[in-house]
Each structure stands twice: as structure tokens, then as C-alpha cells.
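As a plain string of letters, each chain reads:
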Amino acid sequence: MLTREHLAELDAADALAAARGRFHLPPGIIYLDGNSLGPMPCAAPAAVQAVVESQWRDDLITSWNRHDWVNMPLRLGEKLAPLLGAAPGQVAVADSTSVNLFKVLSAALAARGERNLILSEAGNFPTDLYVAQGLAARCDCELKLVTDGDEVQSALDERTAVLMLTQVDFRSGRLHDIASITSAAHAAGALVIWDLAHSAGAVPLQLDAWQVDLAVGCGYKYLNGGPGAPAFVYVNRSFQQRFAPLLQGWFGHVRPFDFEPQFVAAEGIHRALCGTPPVISMAALEAGLDAFSDVDMALVREKSLALTGIFMALLHQECARFGLQVITPQVAERRASQVAVRHADAFPLIQALIERGVIGDFRSPDVMRFGFAPLYIRFVDVWDAVAKLREVFTTRSYEDPRYRARAEVT
Ligand SMILES: *Cc1c(COP(=O)(O)O)cnc(C)c1O
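For every chain, the first residue of the written sequence is number 1, and numbering continues from 1 along that sequence. Local features in this predicted model are restricted to residues whose pLDDT is 70 or higher, and side-chain atom pairs enter the listing and the counts only when it is 80 or higher, whereas totals over whole chains, interfaces and linings include all residues. In computing side-chain properties, one takes all heavy atoms of the structure into account and sets aside hydrogens as well as water.

Undergrad: I'd love a proper account of the packing of helix 2 (residues 44-59) against helix 10 (residues 279-290), names of residues and values included.
TA: With their axes 7 Å apart at the nearest point, helix 2 and helix 10 run at an angle of 150° to one another. Two packed elements cross with a definite hand, and for helix 2 against helix 10 that hand is right-handed. Across from Ala44, Ala47, Val48, Val51, Val52 and Trp56 in helix 2, the residues of helix 10 making contact are Val279, Ile280, Ala283, Ala284 and Ala287. Per-class residue counts for the contact of helix 2 with helix 10 are 11 nonpolar, no polar and no charged. Between N-to-C directions, angles cover 0 to 180 degrees, with each direction set by a line fitted to C-alpha atoms, over the stretch in contact for helices. Runs of H or I in DSSP of at least four residues are treated as helices and runs of E of at least two as strands, each being numbered from the N terminus. In this scheme, a crossing is called left-handed if the near helix is turned counterclockwise away from the far one by less than a right angle; it is called right-handed if the turn is clockwise. Any pair of residues with heavy atoms lying within 4.5 Å of one another is described as a contacting pair. Charged residues are taken to be Asp, Glu, Lys and Arg, nonpolar residues to be Ala, Val, Leu, Ile, Met, Phe, Trp, Tyr, Cys and Pro, and polar residues to be all remaining types, Gly included.

As C-alpha cells, then:
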């Protein structure tokens with residue numbers, strides 16, 4: 001039997017407890033949606049203010065050199081690289097995840113030879129599928145989707161040019177084993193693209209050691225870079241010479257300020273850039289990355305598994321009679337940092353919880369998602385969130401018709 005007292009003891013012994021102070025968490029709110037939009041790092045306003053009210057205002061265009069704005073995409077890339085298990089020179093921060101996916105998939109297809117199949121899974125995040133559909137149609141390729149994520153390895157064949165997967169299923173929180181899937185894809189002669197949107201900052205990654213070819217991911221989820229934060233792109237050094245994306249922009253040119261009429265790709269990860277970096281957004285993201293500078297990702301993983309494990313155990317202990325169905329894997333190696341629960345009234349339940357200060361989110365058709373970011377979520381938060389859910393059930397308050405009205409963003 002779990003008790004709140006026991007969870008408070010876990011908080012007292014938590015090696016990551018101090019990191020919570022690096023984020024602004026509104027009083028009275030239990031924020032279980034950092035997997036969708038991370039909270040604001042306390043250092044973000046000053047970082048943004050420095051760019052706006054000093055650099056931009058006073059130093060104007062000279063800031064591109066004076067404050068090194070021009071190198072922010074690669075400088076931030078190097079800050080992020082350790083979280084990805086990437087040696088220097090392979091990560092850039094730029095554009096959105098969707099755009100970066102277009103860059104890496106187009107480059108992978110350009111290097112594909114005779115093969116004409118992109119392999120992914122039907123449950124992949126929709127934007128990933130949309131990007132793949134667009135490129136497949138224009139590159140005379142077929143997009144093949146397996147319905148069961150465990151079948152990707154057996155679906156690889158001599159036609160497979162690229163295996164494109166997201167490590168963490170955005171609905172269920174299921175975690176793919178990048179090492180074994182990547183090596184199976186390579187054995188079948190395919191290139192591998194990993195989308196790490198729900199991985200970076202939540203699970204330890206070893207992209208170099210796993211010999212991943214290409215990867216992309218999000219800046220505004222577990223990396224806490226702010227709404228619409230720039231995303232990242234990883235190009236393994238061994239692939240950089242062959243990396244020729246369809247999106248050729250001047251920031252990927254070897255000499256952008258020579259204004260030559262002909263595109264010549266820059267060396268290395270530089271060629272993954274396209275246009276001018278969004279400096280203000282970059283400054284906010286840098287504050288998010290700095291919050292990880294002394295963080296041991298092994299501890300993050302350990303606490304993440306404890307938080308999600310306890311949440312599932314408490315759902316069983318406190319809410320067993322309400323017809324909830326947990327769809328997140330129970331096995332630790334198979335789950336990331338979120339728990340997904342199915343219920344026919346998932347939408348109004350989430351709305352009622354939000355009104356009571358527990359913020360999770362809803363994913364169509366009937367899934368409640370709860371993200372547990374180990375840098376700022378406490379064990380007692382897990383207790384209090386489940387207690388609120390139980391209260392919403394026992395009082396039947398979620399049946400209030402006003403919880404059924406849908407806003408544009410869920
Ligand atoms: C959140 C997410 C994205 C978001 O892409 P944007 O271009 O930043 O909107 C892409 N892929 C996955 C798997 C995601 O979870």
C-alpha cells in the first residue's frame with residue numbers, strides 16, 4: 001500500500017530535487033504536460049530580455065557578430081549534443097521538427113540508390129507521416145506502414161531505403177529500442193531516421209554508439225525551450241558527406257556572405273541549416289538547455305521510471321473501479337516518461353482535472369496523457385494528481401456538460 005508519507009520520503013532523498021527550482025511552476029498547479037510544452041525555465045525571461053532590450057535594441061545588426069547570433073544554431077547544438085550521446089559537430093538547432101524531418105528524409109532518399117521504400121509505423125506522429133507521404137509521392141517511393149510497432153524489424157527487406165521511426169509513441173508512451181532496431185535496419189541495408197521529440201531530455205540517448213544515421217527532435221517538450229522553440233537535427237559524421245538535403249538555403253552554404261549565385265553546401269552539420277535563425281526563440285531554448293548542464297541522464301531515467309511506475313500503481317490502488325485502461329507498457333525498458341490511460345470520458349475528465357490544477361492532456365479518441373518530467377515533478381505530485389482524479393470520479397464532476405466543449409488545441 002503506497003502512502004503520501006512514503007512518497008514525501010522519496011522526494012526528500014531525490015538527487016534531482018534541486019533542479020525543480022530552475023523552472024517557474026505556477027503555485028497550485030501540478031504540471032503533467034511537460035511532454036507537450038515544457039514549463040518556463042527561470043532563466044528564460046532574462047535571456048530573452050538581453051536579446052531584445054540590449055542586443056537588438058542597442059547593438060542592432062552588429063549583434064550578429066558582437067553577440068554571435070550567427071552561430072547560435074551550432075552553439076546550441078553543441079550544448080544539446082551530450083544529451084543525445086553525440087560527439088561535437090553533428091547537431092544543429094534550427095527550424096521545426098517537421099522541417100528537419102523533411103531535410104533528413106529528403107537527404108536519405110537522395111542517397112538511397114535503387115531502393116524505393118520508406119518504412120514506418122501507422123501510429124507514428126501524424127506530421128512525420130505527412131512529411132513522408134509528400135516526399136514519397138515526389139521521389140517515386142512507397143511509404144509502407146506497419147500497424148504493430150514490434151513488426152518493424154521483420155518488415156525490413158531489400159527494398160527498404162529508409163526506416164523512419166519515432167522512439168516514443170506519442171499516445172501510449174511505448175519506447176523503441178533504438179540500438180537493436182538500428183542495427184537490424186543497417187543489416188538490411190537501410191538508413192535509419194529517429195524522431196526523438198519525446199525522448200530528448202527524458203531518456204538517455206547514445207546516438208553515436210548506436211550508429212544512428214539521422215535524427216530530429218523537439219525543443220519545446222522535455223527540453224523546455226518555449227512555445228514553438230527551434231527543433232534539432234543530428235547528422236552522423238559518417239553520413240555528412242552524403243547529406244544533400246532538398247532544402248538548400250543560404251545558411252547551409254559554404255560562404256553565405258559571399259552571396260554567390262550557385263549553391264555549394266557547407267562542410268559538416270552546417271549544411272543542415274537553411275535560413276536565418278530565430279534569435280529570440282533561440283535565447284529561450286538556451287535557458288532550457290542550460291537547465292540540463294549538470295544533470296545526469298541516468299538519474300533522470302531512474303526517477304522517470306519511478307514516477308511513472310508509482311503513478312500506474314496508484315491508479316490501480318486508488319482508481320481501480322473507474323474503468324481506466326492503462327495503455328503504457330508496464331515493463332520498464334518499454335516505456336518512456338509518460339503514462340497514457342484510456343477511458344470513454346477521457347476528454348471531460350482531463351478538462352475537469354485541469355480546472356482542479358492537474359494539467360495533463362487528451363489525445364483523440366479516448367486517451368488521457370500524463371507526462372512526468374523528472375527535473376521538476378515530485379513524488380507527492382503523483383500522489384496528489386491521482387487523488388484529484390479519484391475525486392473527479394467519485395463526485396462525478398467530469399459529467400458537467402461544460403467539460404465537453406472542445407477548444408481548437410487539445
Ligand atoms: C511534437 C512532435 C512533433 C512536432 O513537430 P513540429 O514541427 O515541431 O510541430 C513532431 N514529431 C513528433 C514525434 C512529435 O511528438
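Undergrad: Which residues make up the pattern of salt bridges, and what values do they have?
TA: Pairing between side chains becomes possible if they bear opposite charge and their charged atoms approach one another. For this analysis, a salt bridge means a side-chain nitrogen from Lys or Arg found within 4 Å of a carboxyl oxygen belonging to Asp or Glu. Under the criterion given, the structure shown has 26 salt bridges. Two residues, Asp14 and Lys303, come together in a salt bridge whose shortest N-O distance is 2.7 Å. Note that Asp14 is positioned in the loop between helix 1 (4-12) and strand 1 (23-24) and Lys303 in helix 11 (residues 297-319), a separation of 289 residues in sequence. Relative accessible area decides the class of each residue, using a 1.4 Å probe on protein chains only: under 20% of the type maximum gives buried, over 50% gives exposed, and in between gives partly exposed. Under the relative-accessibility criterion, Asp14 is labelled buried at 15%. Look at Lys303 and you get buried, because its relative accessible area is 6%. A salt bridge links Arg342 to Asp366; the nearest nitrogen and oxygen atoms lie 2.8 Å apart. Of this pair, Arg342 sits in strand 12 (residues 338-342) while Asp366 sits in the loop between strand 14 (361-363) and strand 15 (367-371), and the two are 24 residues apart along the sequence. The network of salt bridges with shared partners includes Arg75, Lys79, Glu286 and Asp290.

Undergrad: Describe a nonpolar patch on the surface, with residues and values.
TA: Patch members must show over 30% relative accessible area and no salt bridge, and they are joined within 9 Å when carrying like charges or within 5 Å when they are nonpolar side chains of Val, Leu, Ile, Met, Phe, Trp or Tyr. Using a 1.4 Å probe, the Shrake-Rupley method yields the accessible areas, and only the shown protein chains count as cover for residues. A cluster of nonpolar side chains, namely Trp56, Leu60, Ile61 and Ile280, defines an oily patch on the protein surface of about 450 Å² accessible area. Looking at the secondary structure, you find Leu60 in the loop between helix 2 and helix 3 (63-66). We classify Leu60 as exposed; its relative accessible area is 52%.

Undergrad: Explain the sheet that holds strand 6 (residues 142-146) to me, using residue names and the numbers behind them.
TA: When DSSP locates at least two bridges between a pair of strands, those strands are taken to pair. Ordered in space as 4-10-9-8-7-5-6, the seven strands form an open sheet in which the pairing is mixed. Edge positions in the sheet fall to strand 4 (91-94) and strand 6, since each has one partner strand and no second. For this sheet, the mean inter-axis angle between neighbouring strands, taken without regard to orientation, is 20°. Both strand 9 (residues 214-217) and strand 10 (residues 231-235) contribute to a ladder of four bridges, which runs antiparallel. By the bridge assignment, Gly217 is partnered in strand 10 with Phe232. Running at roughly 170° to strand 9, helix 5 (residues 97-110) makes contact with strand 4, strand 5 (117-121), strand 7 (160-166), strand 8 (191-195), strand 9 and strand 10 of the sheet. Contacting strand 5, strand 6, strand 7 and strand 8, helix 6 (residues 126-138) crosses the sheet at an angle of about 150° to strand 6.

Undergrad: I'd like to hear about helix 4 (residues 72-84), residue by residue, with values.
TA: A helix is expected to span 1.5 Å multiplied by its residue count minus one. Helix length check: helix 4, at 13 residues, gives a terminal C-alpha distance of 18 Å against a target of 18 Å (1.5 Å per residue), a fit within 8%. All of the buried residues in helix 4 are Met72, Pro73, Leu76, Gly77, Leu80, Ala81, Leu83 and Leu84. Looking at the packing, one finds that the buried side of helix 4 touches strand 4, strand 10, helix 10 and helix 11. Gly85 lies just past helix 4 and shows a positive phi near 70°.

Just distances and angles here, no functional claims.
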